[in-house]
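# Survey of secondary and tertiary structure
One letter stands for each residue in the lines below.
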Amino acid sequence: MIPSKIVLASNNAGKLKEFSAIFSTIGIAIVPQGELGVSEADEPFATFVENALAKARHASLHTGLPALADDSGLCVNSLHGAPGVFSARYASLNGGEKSDQANNAHLIKTLGPYADRSACYVALLVYVSSADDPRPIIAEGVWNGEIIDTPRGTNGFGYDPYFYLPDLGKTAAQLDPAEKNRQSHRGMALHKLVQALKERDSI
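Not measured: the values here are computed from a predicted model.

About the criteria used
Residues numbered from 1 in each chain as written. Predicted model: local features only at pLDDT ≥ 70, side-chain atom pairs only at ≥ 80, totals over all residues. Heavy atoms only, no water. Phe/Tyr/Trp six-rings, centres within 6.5 Å; stacked < 30°, edge-to-face > 60°. Helix = DSSP H or I, 4+ residues; strand = E, 2+ residues; numbered from the N terminus. Buried < 20%, exposed > 50% of the residue type's maximum accessible area, 1.4 Å probe, protein only. Pairing = 2+ DSSP bridges. Core = buried A, V, L, I, M, F, W, Y, C linked by side-chain atoms within 4.5 Å. Contact = heavy atoms within 4.5 Å. Polar contact = N/O pair within 3.5 Å; in protein donor to acceptor, adjacent residues only side chain to side chain. Arc of directions from axis to C-beta.

So, about the packing of aromatic side chains. Tallied over the full model, the rule gives 3 aromatic pairs. For the ring pair Tyr121 and Phe163, a centre distance of 4.4 Å and an interplane angle of 45 degrees mean the geometry is tilted. Of this pair, Tyr121 sits in strand β4 (residues 118-128) while Phe163 sits in strand β6 (residues 163-165), and the two are 42 residues apart along the sequence. Phe163 matches Tyr121 in its accessibility class, with the two residues each being buried. Through a chain of ring-to-ring contacts, three or more aromatic side chains come together here, namely Tyr121, Trp143 and Phe163.

Put into structure tokens, the structure is as follows:
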């Protein structure tokens, strides 16, 4: 049975907006864990899927609700997949502050010597019906692009102003929210997850 409410294992306003827009189409309300008094889970793992699963189980354990977690980030080929799971803390792990601006500045500086700017955004979503769900639903979305040195656009968040999409001739930050939901790594993963929820509900 598809639940009417899911706790989101995040307090990120941008993610909440994107998730809510899609899940509202099938009658599911998304509630950020902070509104329910849930602390952030540890993310000690080296892979997106392990971190997402840990966050989903943590949120479900402390609320008794089905939970949805996302671990996502930017993987740059010249940097051997970095910043990867450390995308949100990229600058702070290297002596800077924890902010989108600092992360982007550190990325552009690090990429300075490299000609290959190809990269991809990865979103790994995990849904659990309970904290000990033995069959979590896992959905991955990958969005290919390249990194540019000068930001463009004011929509989105994170690395979006520097993530250029050659096929569209725009950065992720130049897309309107509806178009981004259709195109993005998170949009791809969300649609896969929603479809999997519907299929499981019909069994």
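Moving on: the sheet that holds strand β1 (residues 5-8). As summarised here, the arrangement of the 7 strands in space is β2-β1-β3-β4-β5-β6-β7, forming an open sheet in which the pairing is mixed. At either margin of the open sheet sits one strand with a lone partner, and together these are β2 (29-32) and β7 (170-171). When β1 meets strand β3 (residues 67-76), the two strands line up parallel, connected through 2 bridges. Looking at the pairing, Val7 lines up with Ala67 of β3.

Within the largest apolar cluster, 18 residues are counted, with the highest numbers of intra-cluster contacts made by Ile6, Phe23, Leu68, Leu125, Leu193 and Leu197. Looking at this core, the elements that each hand over two or more residues are β1, α1 (13-23), β4, β5 (137-147) and α5 (185-202). Among the elements that line this core, the one with the most residues is α5, at 5 residues. Residues within four places of Leu197 in sequence aside, it is in contact with Ile2, Phe23, Ile28, Tyr127 and Ile137.

In this section: the pairing of β5. Bridge count for β4 against β5 is 10 bridges, and the pairing is antiparallel. Considered in β5, the bridge of Leu125 is made with Ala139. Bridge count for β5 against β6 is 2 bridges, and the pairing is antiparallel. Bridge assignment links Glu146 to a residue of β6, and that residue is Tyr164.

By the secondary structure assignment, Asp160 is in the loop between β5 and β6. Side chain to side chain, Asp160 and Lys180 meet in a polar contact 2.6 Å long. Setting aside residues up to four positions removed in sequence, Asp160 forms contacts with Tyr121, Asn155, Thr171, Ala172, Ala173 and Lys180.

Turning our attention to the side chain of Ser99. Summarising the element assignment, Ser99 is placed in the loop between β3 and α3 (100-110). Of note is the side chain of Ser99, whose polar atom sits 3.0 Å from the backbone nitrogen of Ala102.

Okay, α1 next. Where α1 is concerned, the buried positions are Lys15, Glu18, Phe19, Ile22 and Phe23. Within α1, the buried residues cover an arc of 120 degrees as seen down the axis, which keeps them to one side. Facing away from the buried side of α1 by more than 90 degrees, the exposed set consists of Ala13 and Lys17. Two or three places before Lys15, at the start of α1, stands the capping residue Asn12, its side-chain oxygen 2.9 Å from that residue's backbone nitrogen.

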